[in-house]
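Structure assessment
Given next are the chains, with one letter for each unit.
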Amino acid sequence: MQSISQRVQNLAQSQTLAMSQKSNELKAQGIDVINLSVGEPDFPTPAHIKAAAEKAIEDNFSFYSPVPGYMSLRKAIAAKLTRENGLSFAPEQIVVGNGAKQALCNVILATVNPGDEVIIPTPAWVSYVEMVKLAEGKNVLVPAGIEQDFKITAAQLKEAITPRTRALLLCSPSNPTGSVYTKAELQSLVDVLAQYPDILVIADEIYEHINYTGGEFTSMASFPELEGRVVVINGVSKAYAMTGWRIGYCAAPVEIAKAVTKLQGQYTSGASSIAQKAAEAAYDGPQECVEEMRKAFMRRRDLVVRLAREIPGFKVAEPKGAFYLFPEVSGLLGKTFRGRTINTSGDLAMYLLEEAHVATVDGAAFCAPGYIRFSYATSDENLVEAMRRIREALS
Ligand code: PMP
Ligand code: GLU
């Protein structure tokens, strides 16, 4: 038996990926599982992006790419940040990695020392706390439940800050809740942060385009009070239906971009050359596909909210962005269905998988026990059937 490092032993398995894997295993056994666990657009990558990848292969983009990404891609990202967000990042401040996941982990490893505190509003995406653990930082969780639409207040932020606070990690539109901070709400957080100039803000804006508020999206990097201390995390996975291509980036103060490049140069090098050329086409090409997918997600949001509200025991807030529903299910805990007693949201997720054949994710994976997460990035037909099965299993 080989011994495994304490670092990896301390790490939890990604529950989003684990539930998806479990659902695939049941499918392989011939069970008709509807997988609402992992969150990814169900659309194929748009044709003009795929064509750019084919051309990249033809044109022999088959060599190592520069560690921070091709200059042409970093220019396309810088132009996107200006065009869509009014931001001025130089290409030298942008580092492309294997998805927003690596970009974020790079930034955390490059900026957090052992014992440094990172403030994370919860519910929070599964990987945040594990990445901070990897950096030996301390997670400072700030809970915001359904009663406050899953958004922390300025007072909560202020109370969480200590002299050891290194960073705030904010995700809006949020995975797993779908909440979107308004510009005024962000401003109230910024007003607090303005008093603490050493705190870095890491803004995960990967769901930027999947936003149903009708308003403009406000990037955390657009507040002048935070100049020089916001790192934007984003990528092509969600906006362009490119999860498997693995391209994401950080846009950061130049010292952080250099540190991230050094780190990435030692353990993964530049991201896939072909995928980078595809991502360049995504940013430089026509943008109608983004709006078409957003509209489809919004329609499904309306459908799934309506159906989920008919399920006894589910308390459902209307998500304003991303493609997740995060019902509060504490009303079901302690009850017995088909001879099985549901004591936790984890029991409920398991029961729904095994009895209703619908894969979801336990809220506990997002530091929010008492909730479960559904991804509604799937067909209307799947959504209707999944909600029907759940209602039946819980009646
Ligand atoms: N941040 C959040 C909030 C996410 O939901 C995801 C997708 N799982 C990521 C980052 C990472 O996305 P990717 O690595 O595919 O770019
Ligand atoms: N965004 C997805 C999710 O949360 C991807 C899976 C992952 O990387 O965790 O389900």
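Residues numbered from 1 in each chain as written. Chains lettered and ligands numbered in written order. Predicted model: local features only at pLDDT ≥ 70, side-chain atom pairs only at ≥ 80, totals over all residues. Heavy atoms only, no water.

Focus on the overall build of the chain
The cut-off we apply is this: Helix numbers and strand numbers start at the N terminus; a helix is a DSSP run of H or I with at least 4 residues, a strand a run of E with at least 2. Each radius of gyration reported is based on C-alpha atoms, and the globular scaling rule is 2.2 Å times the count of residues to the power 0.38. Computed with the Shrake-Rupley method and a 1.4 Å probe, the accessible areas treat only the protein chains shown as cover for residues. For the purpose of charge, His is not counted, nor are the chain termini; Lys and Arg are scored as positive and Asp and Glu as negative. Positions of charges follow a simple convention, taking NZ of Lys, CZ of Arg, CG of Asp or CD of Glu.
Along the chain, the regular secondary structure elements total 13 helices and 14 strands. Taken over the C-alpha trace, the chain has a radius of gyration of 21 Å; the compact-globule value for 395 residues is 21 Å, and the two agree within 12%. In terms of overall dimensions, the chain has C-alpha extents of about 60 × 55 × 55 Å along its principal axes. Entry remark: accessible area of the chain is about 16,600 Å², with carbon and sulfur atoms responsible for 53%. Positive and negative side-chain charges of the chain, numbering 39 and 43 respectively, have mean locations separated by a distance of 1 Å.

Observations regarding the site of ligand 2
Test applied: Each residue is tested against the molecule or strand, and it is near if at least one of its non-hydrogen atoms lies within 4 Å. Whenever two N or O atoms come within 3.5 Å, that pair is a polar contact, provided that in protein one can donate a hydrogen and the other can accept it, and provided that, for residues adjacent in sequence, both atoms are side-chain atoms. Residues are grouped as follows: nonpolar covers Ala, Val, Leu, Ile, Met, Phe, Trp, Tyr, Cys and Pro; charged covers Asp, Glu, Lys and Arg; every other residue, Gly included, is treated as polar.
In the vicinity of ligand 2, 13 residues are found, and the nearest of them are Thr 16, Gly 39, Lys 101, Lys 238 and Arg 373. Thr 16 places a side-chain nitrogen or oxygen 2.7 Å from an oxygen atom of ligand 2. In the environment of ligand 2, a nitrogen atom lies 2.7 Å from a nitrogen or oxygen atom belonging to the side chain of Lys 238. For ligand 2, the protein covers 89% of the area, taking 280 Å² as the surface of the free molecule. Across the shell around ligand 2, the residue classes tally to 6 nonpolar, 4 polar and 3 charged.

Thoughts on the nonpolar core
Formally: Residue types Ala, Val, Leu, Ile, Met, Phe, Trp, Tyr and Cys, when buried and joined through side-chain atoms within 4.5 Å, form a set referred to as a nonpolar core. Only protein chains enter the accessibility calculation, which uses a 1.4 Å probe; a residue is then buried when its area is under 20% of its type maximum, exposed when over 50%, and partly exposed in between. In what follows, residue pairs with any heavy atoms lying within 4.5 Å of each other are defined as contacts.
Within the largest apolar cluster, 136 residues are counted, with the highest numbers of intra-cluster contacts made by Met 220, Tyr 240, Phe 314 and Leu 394. Filtering out sequence-adjacent residues up to four positions away, Met 220 remains in contact with Leu 170, Leu 186, Val 190, Leu 193, Val 201, Ala 203, Glu 205, Leu 226 and Val 230.

Comments concerning the site of ligand 1
Ala 100, Asn 175, Asp 204, Tyr 207 and Ser 237 are the nearest of the 13 residues found near ligand 1. Within the complex, the protein chains bury 92% of what would otherwise be the 400 Å² of accessible surface of ligand 1. The greatest single-element share of the shell around ligand 1, amounting to 3 residues, is contributed by helix α5 (residues 99–111). Here the residues of the shell around ligand 1 are counted per class, giving 6 nonpolar, 3 polar and 4 charged.

A closer look at the sheet that holds strand β14 (residues 372–375)
Picture the strands of a sheet paired through backbone hydrogen bonds; they go either parallel or antiparallel. The criterion, for reference: When DSSP locates at least two bridges between a pair of strands, those strands are taken to pair.
The antiparallel open sheet is built from 3 strands, whose spatial order is β9-β14-β13. At either margin of the open sheet sits one strand with a lone partner, and together these are β9 (324–325) and β13 (361–362). Taken together, the 2 bridges between β13 and β14 define a ladder with antiparallel strand orientation. For Asp 362, the partnering residue across the bridge sits in β14 and is Ile 372.

Some details on the sheet that holds strand β5 (residues 165–171)
Put simply, the rule is: Note on definitions: angles span 0 to 180 degrees between N-to-C directions of axes, and those axes are lines fitted to C-alpha atoms, for helices only across the stretch in contact.
Here 7 strands make up an open sheet; going across it, the order is β2-β8-β7-β6-β5-β3-β4 and the pairing mixed. The sheet is open, and its two borders are formed by β2 (94–97) and β4 (138–143), each paired with just one other strand. Each strand of the sheet is rotated relative to its neighbour by a mean of 20°, with strand direction disregarded. Judged from the 3 bridges that link them, strand β3 (residues 117–122) and β5 form a sheet pairing that is parallel. If you follow Ile 119 over to β5, its bridge partner there is Leu 168.

Any functional reading would require information that these geometric values do not contain.
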